[in-house]
Amino acid sequence: MEPRRVALTPRFIVAVLVAGVVPAPGPQAQEVEPLPDGATEEGPRVGVLVGMRAELLGLVSPGASLDLVLDSPNRPIWLSVQFLAQMIRWNVQYDPVSRRDHIYVGRVRLGLGRRRGPRIYALAEKGIGVIMTEPASWRGDTYNLTGVGLGVGLAGERFTTSFELVIGVANRSSSSLYGGLGVSLQYRLPRPGQG
């Protein structure tokens, strides 16, 4: 028996389309629930900062730093581990030759302040100094130094400026106090994939 053929007339096509649309429920959009406040904020992250520091006591002298900072945009406490290479220079009365040492210190800084905005911090440092300009028999000699300090700063999207005061003990020729007064500018490197 030959199957019955249906003629595809315009009236038949319209009837099929209407029959398919009526029983089929339209797609229902699901509402996305809003995230709770602060859920879109980043949590604590380790940032890498590179910077320059100028020592202001004695003769103004340059330095450089590398910093690993653990901070958060919505928590006020932050912690950093820093390596600082700093030149220090000073004059001695009645001597035309300026003295110069290089110091290399590791620092731990603990501070208050969000990732952007004003900051205050305490620091502890320990390292070595290298005598660069003294009588020839002293040049290249090293000594130990240990210090503590306080600093204030202002952090932005990428740049952070800081001003700090440090005091400590160094055994350069004999154990004696040393001081530092510095200003620094640091740049936070973008994370991979971040513009």
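Residues numbered from 1 in each chain as written. Predicted model: local features only at pLDDT ≥ 70, side-chain atom pairs only at ≥ 80, totals over all residues. Heavy atoms only, no water.

Attention shifts here to the overall build of the protein chain. Each helix and strand counted, the protein chain has 1 helix and 8 strands in total. Of the regular secondary structure in the protein chain, the N- to C-terminal order runs α-β-β-β-β-β-β-β-β. When the 195 residues of the protein chain are sorted by exposure, 30% land in the buried category. Long-range pairs, those at least 24 residues apart, make up 54% of the contacts in the protein chain between residues at least 6 apart in sequence. Total accessible area on the protein chain is roughly 13,100 Å²; 66% of this is exposed by carbon and sulfur atoms. (Helix = DSSP H or I, 4+ residues; strand = E, 2+ residues; numbered from the N terminus. Buried < 20%, exposed > 50% of the residue type's maximum accessible area, 1.4 Å probe, protein only. Contact = heavy atoms within 4.5 Å. Areas by Shrake-Rupley, 256 points an atom, 1.4 Å probe, with all protein chains shown as cover.)

What follows concerns the pattern of salt bridges. For the structure shown, the criterion picks out 11 salt bridges. Its salt-bridge partner being Arg 116, residue Glu 157 comes within 2.6 Å of it at the nearest N-O pair. One end of the pair, Glu 157, is in the loop between strand 6 (142–155) and strand 7 (159–171); the other, Arg 116, is in the loop between strand 4 (95–112) and strand 5 (117–131), with 41 residues separating them in the sequence. When its relative accessible area of 46% is taken as the criterion, Glu 157 is described as partly exposed. Given a relative accessible area of 55%, Arg 116 falls into the exposed group. When salt bridges that share partners are traced, they join Arg 53, Glu 55, Arg 107, Glu 125 and Glu 164 into one network. (Salt bridge = Lys/Arg side-chain N within 4 Å of Asp/Glu carboxyl O.)

Moving on: the pairing of strand 5. Remark: a regular strand shows side chains that alternate across the two faces of the sheet. In the sheet, strand 4 pairs with strand 5 via 12 bridges, with the strands oriented antiparallel. Residue pairing in the sheet places Gly 111 in a bridge with Tyr 121 of strand 5. Where strand 4 folds back on strand 5, the antiparallel hairpin that results is connected by 4 residues, among which Gly 113 adopts a positive phi of roughly 140 degrees. With 14 bridges connecting them, strand 5 and strand 6 associate as antiparallel partners. By the bridge assignment for strand 6, Ile 128 is matched with Asn 144. (Pairing = 2+ DSSP bridges.)

Here we come to the environment of Leu 123. Along the polypeptide, Leu 123 turns up in strand 5. C-alpha of Leu 123 to C-alpha of Gly 111: the two residues are 12 residues apart in sequence and 8.6 Å apart in space. If sequence neighbours within four positions are ignored, Leu 123 has contacts with Arg 107, Val 108, Arg 109, Gly 147, Val 148, Gly 149, Glu 164 and Val 166.

This next bit is on the side chain of Ser 162. Structurally, Ser 162 can be placed in strand 7. If we ignore the near neighbours within four places in the chain, the residues touching Ser 162 are Arg 109, Tyr 121, Val 152, Gly 153, Gly 182, Val 183 and Ser 184.

To continue, consider the side chain of Arg 109. By the element assignment, Arg 109 lies in strand 4. A polar side-chain atom of Arg 109 sits 2.6 Å from a polar atom in the side chain of Asp 67. With residues near it in sequence (within four places) discarded, Arg 109 still touches Asp 67, Trp 78, Leu 79, Ser 80, Gln 82, Tyr 121, Ala 122, Leu 123, Ser 162 and Gln 186. (Polar contact = N/O pair within 3.5 Å; in protein donor to acceptor, adjacent residues only side chain to side chain.)

Moving on: the pairing of strand 8 (residues 175–188). As paired elements, strand 1 (residues 45–55) and strand 8 share 7 bridges and run antiparallel to each other. For Gly 51, the partnering residue across the bridge sits in strand 8 and is Gln 186. Inspection of the sheet shows strand 7 paired to strand 8 by 13 bridges, in the antiparallel sense. Opposite Gly 168, over in strand 8, you have Tyr 178 as the bridge partner. Here strand 7 folds back onto strand 8 in antiparallel fashion, the turn holding 3 residues.

Moving on, we get to the nonpolar core. The biggest cluster of nonpolar side chains holds 14 residues, and the ones touching the most others in it are Tyr 143, Leu 145, Ala 170 and Tyr 178. Within the residue set of this core, elements represented by two or more residues are strand 3 (77–92), strand 4, strand 5, strand 6 and strand 7. The greatest single-element share of this core, amounting to 3 residues, is contributed by strand 5. (Core = buried A, V, L, I, M, F, W, Y, C linked by side-chain atoms within 4.5 Å.)

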